[in-house]
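Structural characterization, general
Given next are the chains, with one letter for each unit.
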Amino acid sequence: MARRAGAPEVSAGSMADIAFLLLIFFLVTTTIETDAGLDRMLPPMEPPTEAPPIIKQKNIFTVNINRNGQLLVEDEILSIDKLRERAVAFLDNGGAPSGSPDYCSYCKGKRNAESSDNPTKAIISLKNDRETKYSTYITVQNELVGAYNDLRNREAKRLFGKDYVEMEAEYLNPETEDSVKEELKEKVQRIQGLFPQKLSEAETSSE
Amino acid sequence: MSKFAKKKDGEVPAVSTASLPDIVFMLLFFFMTVTVMKDSSLKVDNVLPNASEVKKLEKKDRVIYIYVGKPTKEYEKTFGTEPKIQLNDKFASPSEVGDYILMERAKKPQEIQNVLTTALKVDKNANMGLISDIKQELRKVNALKVNYTTYEGDAFNNLQ
C-alpha cells in the first residue's frame, strides 16, 4: 500500500527545550510564600478620658519577659516550657463558688479561690522589654495561644466530638460550602464563648 | 535473501524523547500552581521564627505585608546592621508605617477595607522595641488585625 502524501511530520525535538525555558523562568521569578502565622488582635487606642475598667487582681495572669528571654510569671521565675501548663491551670481554674453567677460548670481546674473566677473573666497580661528578642516573644505567644487551643479542643471534643482547631480551620477555609459554614460558625462561636481569648499586651517598658 | 532477516545487526535503537516535553510541562505546571510571583525583592534578612499554633492566611488580597530584619549584605554599608523596616521596595522608619497602611488600604476595594490583615514578617533576631513601635503605629490607624508570620514547627527551636 502506498503512503498517502500528507503534511510532513513536524519535528518535536525542540519542544522540551522550550518547556525548560518556561520552567526556568518560573523558577527564578516566583517564591514559595510562607502564609501561616499567629493571628492576633491589637487593642484599639483608648480615648484618654475613659477610666480603665476595674479588674480583680486574681483574674489577671501576668507574664513578663525580660531582655535575656527569662520569664517572670505571677511574680516568680518560670521556665518557658512550663508556661503552657501554668496558663491552662489559671484559665481552667474556675474559682468562683458554685451558686454564684460566675460559677464555671465546665472547668476541670483546682477551683482555687485565689486564682481566676471563670475563663470568661480571666485575662492574661503580657509585658516585654524593648530588648527582648522577637523569637522569644513568638515562643511565649505560641505557648499562650496553645493554652487556649488546648482548652478549646477539650471542650469541643466533649460537646461536638471534634477538635476546635480543625473546626476553625474548616470554617475559615474559603472552599468550605456555605451550608457547612453556617453550622460550623455556631459551634466555633460557642467554644469561643466558653474560653474567650483575653490576651492583653501592655505597652513595652522602656528600661 | 530472506524477507525476515534482521536489519542493522547489533545497533541499539534510539530512545524516543517524545514524552520529554510532557514531563517538563508537568514540572512547569507544578511550579506555576504552588508558587506566587515575587512582588518586591527582599532587602532584609528574613528568617522567620517557628510556631506550632499557626493559622493559615487565606485570601491573599486582604493582606498587607511588612518586613523587618537587618539589611542584607549589599545594603549593610549604607544602612548599617540594625534591624530595619521594609515597606514595598524601600527601607522606612516606624513613623512611616501608618501612612503606608492607609495608602495600601485605599488601594483595596471598598468592601474589604475593613477586614484587612497586616502580616508582620519579622526576622527572628529583631528586637521587640521596633515591633512595639510598629504595633503602636498600627493601632493609630486602626489596623488591629495582625498576623505574626512564622514557619510551622516547634516553637522551642527559637530559643537556641
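This write-up is about the structure you can find in this document. (Residues numbered from 1 in each chain as written. Chains lettered and ligands numbered in written order. Predicted model: local features only at pLDDT ≥ 70, side-chain atom pairs only at ≥ 80, totals over all residues. Heavy atoms only, no water.)

So, the overall build of chain B
- Check the secondary structure of chain B and you find four helices and nine strands.
- In chain B, the succession of helices and strands from N to C terminus is α-β-β-β-β-α-β-β-α-β-α-β-β.
- In summary, chain B has a C-alpha radius of gyration of 26 Å against a globular reference of 15 Å for 160 residues, an excess of more than 25%.
- Structurally, chain B occupies a C-alpha span of about 95 × 40 × 35 Å along its principal axes.
- Counting the 160 residues in chain B, one finds 41% classified as buried.
- Put simply, 73% of the contacts in chain B that link residues at least 6 apart link residues at least 24 apart. (Helix = DSSP H or I, 4+ residues; strand = E, 2+ residues; numbered from the N terminus. Rg over C-alpha atoms; globule rule 2.2 N^0.38 Å. Buried < 20%, exposed > 50% of the residue type's maximum accessible area, 1.4 Å probe, protein only. Contact = heavy atoms within 4.5 Å.)

Regarding the sheet that holds strand S6 (residues 123-128) of chain A
All names here are of chain A.
- In space, the five strands of this open sheet follow the order S5-S4-S3-S6-S7, with mixed pairing throughout. The sheet is open, and its two edges are formed by strand S5 (76-78) and strand S7 (199-201), each paired on a single side. Neighbour-to-neighbour, the strand axes of this sheet turn through a mean angle of 30 degrees, independent of strand direction.
- Where strand S4 (residues 71-73) lies against S5, three bridges are found, and the strand directions are antiparallel. Its bridge partner being in S5, Val 73 is matched across the sheet by Glu 76.
- Along the sheet face, helix H3 (residues 134-160) touches strand S3 (60-65), S4, S6 and S7 and points at about 175 degrees away from the line of S6. (Pairing = 2+ DSSP bridges. Axes fitted to C-alpha atoms, helices over the stretch in contact; angles between N-to-C directions.)

Quick word on the packing of helix H4 (residues 164-172) of chain A against helix H5 (residues 178-194) of chain A
Residue and element names in this part refer to chain A.
- Closest axis-to-axis distance for the H4/H5 pair is 9 Å, and the angle between their directions is 135 degrees. With respect to their mutual orientation, H4 and H5 come out oblique. For the element pair H4 and H5, the recorded crossing hand is left-handed. Counted together, Tyr 164, Met 167, Glu 168, Glu 170 and Tyr 171 of H4 and Val 180, Lys 181, Leu 184, Lys 185, Lys 187, Val 188, Ile 191 and Gln 192 of H5 form the full contact between these two elements.
- For the contact of H4 with H5, the per-class residue count stands at seven nonpolar, one polar and five charged. (Parallel < 35°, antiparallel > 145°, perpendicular 65-115°, else oblique. Left-handed = near helix turned anticlockwise from the far one by under 90°. Nonpolar A, V, L, I, M, F, W, Y, C, P; charged D, E, K, R; others polar.)

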